[in-house]
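# Chain and residue survey
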Amino acid sequence: MEKRILFISSTRFPWFESQDSAEHFANAPYSINAIGYNLEKLGWTVGWCGWECSRNPFRLAKRIDEFKPTIIYTYGSTVALHPLFCRRLLCRSKAFKVVHGWDDHYGRIWGDLFGWFGRVLMDWMEKRIVKNSDAVVTLSYELQKIGRRWEVECKYIPNGADPIGNLPRSNRIKLTGRFNIVYTGDKAKWKRTDDICRAMQKVPKDIKLYLTGRNEEYLKPYASDNCIFLGWLSKEEQYGVMAQADAFVCTSDQDCNAKLQEYLRWKKPILAYDGEANNFFVNGETALLAKDGDYAPLVMRLADDPMFCRRIAENAAHDIPVYSWHEIAEQFDKYFCEIMA
């Protein structure tokens, strides 16, 4: 059985159109880029199709006919229906399965970004994508529940995170708090990052929050002696910061953020929003979840109780498996082979 996968995404990164999976992994060593890179090692021929091609059904159909995939993996909401349209009306090559990678609540995100019209539009499209794709993979237990309400059984495969033992680290940035909390990555409004920034106004100044990644304008008023925006860091600098953390925080109302597996690798206590994260954590046992985003009392509890911190971290390490990206790719390989069979 020939194993050929074409990843189709709405991403606009110029490197995404490159057909070199190693380049994808070098630019973004996580999510579909890490999966594709490792699938190639498992014998798959891997192709990539970003916004420049995926937005145009005629160009996309030509790409599909040239590549002749056995699996098309769609990622993102805006172009996920295009391969289905192409297969029905435009493609000569039709012997492929369309598998959707469902990572986010599209309607909720578009509602936060564009208001009620965005929510209604993307709620409709989200259901069409999930119900019409040949198969759906999700890394969210919450989305899996929604799929079942739509009579679609979604395959659960979580995010991965590679072991941290050999990660390069820079000691350029020193964390100076009595207790240091670290937040990494995207801080878009729908991520609710302002909840943890606001909490830092209610705790002693020697308890510090360090945020890495691109800075957002709406968070600037929260910058202070103990709410410190480090901006975009090299991988070595970010790993150096994470190595010094006493705790991590993930503020979005999700049970599938890639931060969760990355944080778990460091075996430190995790703070998260008290919502969908209950699908992933046991509150008070494997993480502390902030009701209505009120993190301040939870921060104080961790800062003042090192033994409790250790217990939370040990429980999470024992109860929640974390797979390397190669192991995640092996799960995809097995599932795709089942679909093709």
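Residues numbered from 1 in each chain as written. Predicted model: local features only at pLDDT ≥ 70, side-chain atom pairs only at ≥ 80, totals over all residues. Heavy atoms only, no water.

### Structural notes on the sheet that holds strand β7 (residues 179-183)
- In space, the six strands of this open sheet follow the order β9-β8-β7-β10-β11-β12, with parallel pairing throughout. Sheet topology places β9 (227-231) and β12 (288-290) at the edges, where each strand pairs with a single neighbour. Going from strand to strand, the sheet's axes swing by 25° on average, the running direction of each strand aside.
- In terms of strand pairing, strand β8 (residues 207-212) meets β9 through four bridges, oriented parallel. Looking at the pairing, Leu-211 lines up with Phe-229 of β9.
- The strands that helix α11 (residues 258-265) touches are β7, β10 (247-250) and β11 (270-273); relative to β10, the one it contacts most, it runs at about 175°. (Pairing = 2+ DSSP bridges. Helix = DSSP H or I, 4+ residues; strand = E, 2+ residues; numbered from the N terminus. Axes fitted to C-alpha atoms, helices over the stretch in contact; angles between N-to-C directions. Contact = heavy atoms within 4.5 Å.)

### A look at the side chain of Glu-142
- Following the sequence through the fold, Glu-142 ends up in helix α8 (residues 141-149).
- If we ignore the near neighbours within four places in the chain, the residues touching Glu-142 are His-105, Asp-255, Glu-276 and Asn-279.

### Section: the layout of surface pockets
- Volume-wise, the second largest pocket comes out at about 180 Å³.
- Together, Tyr-141, Tyr-156, Pro-158, Gln-261, Asn-279, Phe-280, Ile-320, Pro-321, Tyr-323 and Gln-331 line the second largest pocket.
- Here the residues of the lining of the second largest pocket sort into seven nonpolar, three polar and no charged. (1 Å grid on protein atoms, 1.4 Å probe; cavity = no way out; pocket = protein on both sides within 12 Å on 5 of 7 lines; lining within 4 Å. Points joined across faces, edges and corners; volume = space filled by probe spheres on them. Nonpolar A, V, L, I, M, F, W, Y, C, P; charged D, E, K, R; others polar.)

### As for helix α5 (residues 82-89)
- Within α5, burial applies to His-82, Pro-83, Leu-84, Cys-86 and Arg-87.
- Each element contacted by the buried residues of α5 is listed here: β1 (4-9), α3 (51-54), α4 (57-67), β3 (71-75), β4 (97-102) and α7 (116-132). (Buried < 20%, exposed > 50% of the residue type's maximum accessible area, 1.4 Å probe, protein only.)

### Brief notes about unusual backbone geometry
- One non-glycine residue, Ser-31, lies in the positive phi region at around 55°.
- With respect to the helices and strands, the residue Ser-31 is situated in helix α2 (residues 31-41).
- The phi angle at Glu-151 is positive, at roughly 65°, despite the residue not being glycine.
- Structurally, Glu-151 is set in the loop between α8 and β6 (155-156).

### Concerning the sheet that holds β6
- Reading across the sheet, the six strands line up as β2-β1-β3-β4-β5-β6 and stay open at both edges, with parallel pairing between neighbours. Strand pairing shows two members of the sheet lacking a second neighbour, β2 (45-49) and β6, which therefore form its edges.
- Direction of pairing for β3 relative to β4: parallel, over a ladder of five bridges. Residue Tyr-73 lies in a different strand from β4, and its bridge partner there is Val-99.
- Sitting on the sheet, α8 touches β4, β5 (135-138) and β6, and the angle it makes with β4 is about 130°.

### As for helix α12 (residues 296-303)
- Among all positions in α12, only Ala-296, Leu-298, Val-299, Leu-302 and Ala-303 are buried. Viewed along the axis of α12, the buried residues span an arc of 165°, placing them on a single side of the element. (Arc of directions from axis to C-beta.)

### Focus on the pattern of salt bridges
- Under the criterion given, the structure shown has 19 salt bridges.
- Notably, a salt bridge pairs Glu-52 with Arg-55, separated by 3.5 Å at the nearest N-O pair.
- Given the relative accessible area of 42%, Glu-52 is considered partly exposed.
- Taking the shortest distance from any N to any O, the salt bridge between Arg-214 and Glu-216 comes out at 3.4 Å. (Salt bridge = Lys/Arg side-chain N within 4 Å of Asp/Glu carboxyl O.)

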